[in-house]
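# Chains, contacts and geometry: an overview
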Amino acid sequence: MSDNINDKPAGLPAGAGNSQWERTVLEKLVFATVQEQRAHRRWSIFFKIFSLLIVLFALWVFYDYNNMGDTETLGRHTALIDISGTIESEGSGSAAVVIPALDKAFSDSGSVAVVLHINSPGGSPVQAGMIVDEMLRLRKGYPDKPLYVVVDEMCASGGYYIAAAADRIYVNKASVVGSIGVLMDGFGFTGTMEKVGVERRLLTAGENKGFMDPFSPLNEKHKAHAQGMLNEIHQQFIEVVRAGRGKRLKETPDMFSGLYWTGARAVQMGLADDFGTVDSVARDIVKAEDIVDYTQHEGLPERVLKKFGAAMGAGAIKAAVQQAQPSLR
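Presented here is an overview of the structure given in this document. Think of each chain on its own: its residues are numbered from 1, step by step along the sequence as written. Only residues with pLDDT of at least 70 get local features here, since the model is predicted, and only at 80 or more are side-chain atom pairs given and counted; chain-wide, interface and lining totals rely on the full set of residues. To obtain the side-chain values, all non-hydrogen atoms of the structure were used and water was disregarded.

## Considering the overall build of the chain
Heads up, the rule is: Working definition: helices are DSSP H or I runs of at least four residues, strands are E runs of at least two. Numbering for both runs from the N terminus. Buried means the residue's accessible area, taken with a 1.4 Å probe over protein chains only, is under 20% of the maximum for its type, while exposed means over 50%, and partly exposed covers the values in between. Only heavy atoms enter the contact rule, under which two residues are in contact if any of them lie within 4.5 Å. We get accessible surface area from the Shrake-Rupley algorithm with a probe of 1.4 Å; when it comes to residues, only the shown protein chains can shield them.
The number of helices and strands found in the chain is ten helices and eight strands. Put simply, the chain has 329 residues, and 34% of those count as buried. Residue pairs at least 24 apart in sequence account for 72% of intrachain contacts in the chain once pairs closer than 6 positions are excluded. Within the structure as shown, the chain displays about 20,100 Å² of accessible surface, and the carbon and sulfur contribution to it stands at 58%.

The structure is reproduced here in C-alpha cells:
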C-alpha cells in the first residue's frame, strides 16, 4: 500500500477495486481507533488508582504525624487513655490497644499522671486480666506517677475489673458501676429441632468434644464443669477488686453477686473514691491541666478496609467462637 490513501492497491479487478480498497482502509482506521481507545482507558484507570493511593498515603502520614506531634511538643501534662465499648480482642478495649498506650503514657517524661477514661459494659476476662497485669507492673515501675480511672456512663463487669487496679476511681453520681460477676450464655435448639423434624448428627473424638453444643441436650456433667470455670474466674475477679480497693471496700452480701449501682452508691460502698471528670481530675488532683490523649486510634487503612467490608468474614467467625466463652458483662 502506498503512502497516498487515494492510491488503489495493485492487482485488483476493475469492478471490485473501489469497494475492496475502501473497506480495507476503513478496517485499518477502525482498528487503530479501538486500539487507541483501549490504551487511553488503561492509562486513565492506572492514573486514577495511582492518584488515589497517593491521596490515601498522604492522609495516613498526616494522621499519624498529628497523633505523634501532640506528645512530643507538650511538657508537663496529664496522660489520657480512652477505653470505650466492649472489652474484647479488638477495639479500644483490647489489650493490644490499651497496653501500648499505657506503656507510652507512663514512659513519657512529661506525663505527671495517667488517667483511664472508661465507658464499658464489660467483656472478656482474658483481655481485662492482661490489662490489669500491665497496670500493676507499671505502677510498680513508676511509683511516683499515679494511675486514676474516670468513669463515664458505665464501668461494669470487665470494665470495673480494669478500674479496680487503679490508684483511685472517680465517677459521676449517675454512672453505672459494679456488676462483679461472670456469665456464659448461649441458646438451646433441641425442642425446636424436634418440632420441625430435624435430627442432630454430631460425631466427636473425645467424649467432651461437643461441650455445650447448642443443638444437643444439656449435659449435666458439662454444665457442672462450665459452672466450675465461671466460679474460678469469678473468684479471680473478686481477688482483683479486694486487692485494688483494700480497706476502702465496705463489703456487703450483694457486692460480688453481679448487681450494679449508681456512682453515688458506689462511693458509699467503697467501689469508687469520689466524683470527678477527666478535666476536674487533671486540674484539681493531678495539678496538670494540659491533657494529652495517648489512646491508639484506628488508622485510616483500617477504616477504609472496614468500610468496604473486609472484616465481615472475620467478624462472623469471631462471633461463632465467642458465643460459648465466659464473659465479664
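## As for the nonpolar core
Definition in use: Joining through side-chain atoms within 4.5 Å is the link that ties buried Ala, Val, Leu, Ile, Met, Phe, Trp, Tyr and Cys residues into a set, and such a set is a nonpolar core.
Core analysis: the largest hydrophobic core is formed by 48 residues, its most contacted members being Leu102, Leu116, Met135, Tyr160, Ile162 and Leu271. Here this core takes seven residues from helix H2 (residues 95-107), the largest share from any one element. Beyond its immediate chain neighbours, meaning those up to four positions away, Ile162 contacts Ile83, Ile87, Leu116, Ile118, Ala128, Ile131, Val132 and Met135. Residues Leu80, Val115, Val150 and Ala288 belong to the second largest nonpolar core, which totals ten residues.

## Things to note about the packing of H2 against helix H3 (residues 125-141)
Just so we agree on the cut-off: Note on definitions: angles span 0 to 180 degrees between N-to-C directions of axes, and those axes are lines fitted to C-alpha atoms, for helices only across the stretch in contact. When an angle is under 35 degrees it counts as roughly parallel; over 145 it counts as roughly antiparallel; between 65 and 115 it counts as roughly perpendicular; any other value is oblique. Gly is put with the polar residues, along with every residue not named as nonpolar or charged; the nonpolar set is Ala, Val, Leu, Ile, Met, Phe, Trp, Tyr, Cys and Pro, and the charged set is Asp, Glu, Lys and Arg.
Interhelical geometry of H2 versus H3 gives an angle of 10° and a closest axis separation of 9 Å. Looking at the two axes, H2 sits roughly parallel to H3. The segment H2 lies against H3, with Ala95, Ala96, Val98, Ile99, Leu102, Asp103 and Phe106 engaging Gln127, Met130, Ile131, Glu134, Met135, Arg137 and Leu138. Looking at side-chain class alone, the contact of H2 with H3 contains ten nonpolar, one polar and three charged residues.

## Some remarks on the packing of aromatic side chains
The cut-off we apply is this: For Phe, Tyr and Trp, where Trp contributes only its six-membered ring, two rings pair if their centres lie within 6.5 Å, and the inter-plane angle classes them as stacked under 30 degrees, edge-to-face over 60, or tilted in between. Here, a charge over a ring means that NZ of Lys or CZ of Arg falls within 6 Å of the ring centre while also lying within 35 degrees of the ring normal.
One pass over the full model with this rule turns up three aromatic pairs. A centroid spacing of 5.6 Å and a plane angle of 40° characterise the contact between Phe106 and Tyr142, whose relative ring orientation is tilted. Remark: Tyr142 occurs in the loop between H3 and strand E3 (147-156) and Phe106 occurs in helix H2; sequence separation between them is 36 residues. A ring pair is formed by Tyr148 and Tyr170, whose centres lie 5.9 Å apart and whose planes are at 85°; its orientation type is edge-to-face. You can see Tyr148 sitting in strand E3 and its partner Tyr170 sitting in strand E4 (residues 168-171), a full 22 residues away along the chain. For Tyr170, a relative accessible area of 3% corresponds to the buried category. Geometry around Phe275 places Lys173 over its ring, the cationic atom sitting 5.7 Å from the centre.

## Quick notes on the side chain of Ser120
This is how it is decided: Polar contact criterion, stated in full: a pair of N or O atoms within 3.5 Å, where within protein one must be able to donate a hydrogen and the other to accept it, and residues adjacent in sequence count only if both atoms are side-chain atoms.
Within the fold, Ser120 resides in strand E2 (residues 111-120). A distance of 2.7 Å separates a polar atom in the side chain of Ser120 from the backbone oxygen of Gly85. With sequence-adjacent residues up to four places away left out, Ser120 is seen in contact with Gly85, Thr86, Ile87, Met154, Cys155, Ala156 and Gly159.

## A few points about the environment of Val98
With respect to the secondary-structure elements, Val98 resides in helix H2. When the C-alpha positions of Val98 and Glu134 are compared, they lie 9.5 Å apart, and in sequence the two are 36 residues distant. Contacts of Val98, omitting those with residues within four sequence positions, involve Ile83, Ser92, Gly93 and Ile131.

## A closer look at H3
Definition in use: Helix span, expected: 1.5 Å multiplied by one less than the number of residues in the helix.
The end-to-end C-alpha distance of H3 is 24 Å, a good match for the 24 Å that 17 residues give at a rise of 1.5 Å each. The set of residues buried in H3 consists of Pro125, Gln127, Ala128, Gly129, Ile131, Val132, Glu134, Met135 and Leu138. Buried residues along H3 sit against H2, E2, E3, helix H4 (158-163) and helix H6 (220-245). For H3, the N-terminal cap is Ser124; the gap from its side-chain oxygen to the backbone nitrogen of Val126 is 3.2 Å.

## A few points about the pattern of salt bridges
Quick note on the threshold: In what follows, salt bridge is the name for a side-chain nitrogen of Lys or Arg lying within 4 Å of a carboxyl oxygen of Asp or Glu.
Applying the stated criterion across every chain yields a total of seven salt bridges. In this structure, Arg139 engages Asp167 in a salt bridge whose closest nitrogen and oxygen atoms are separated by 2.7 Å. With Arg139 in helix H3 and Asp167 in the loop between H4 and E4, the pair connects residues that are 28 residues apart, well separated along the chain. Exposure remark for Asp167: the relative accessible area of 24% places this residue in the partly exposed category. If you follow the salt bridges from partner to partner, you end up with Asp103, Glu134 and Arg137 in one network.

Read these as layout, nothing more, since geometry by itself doesn't imply function.
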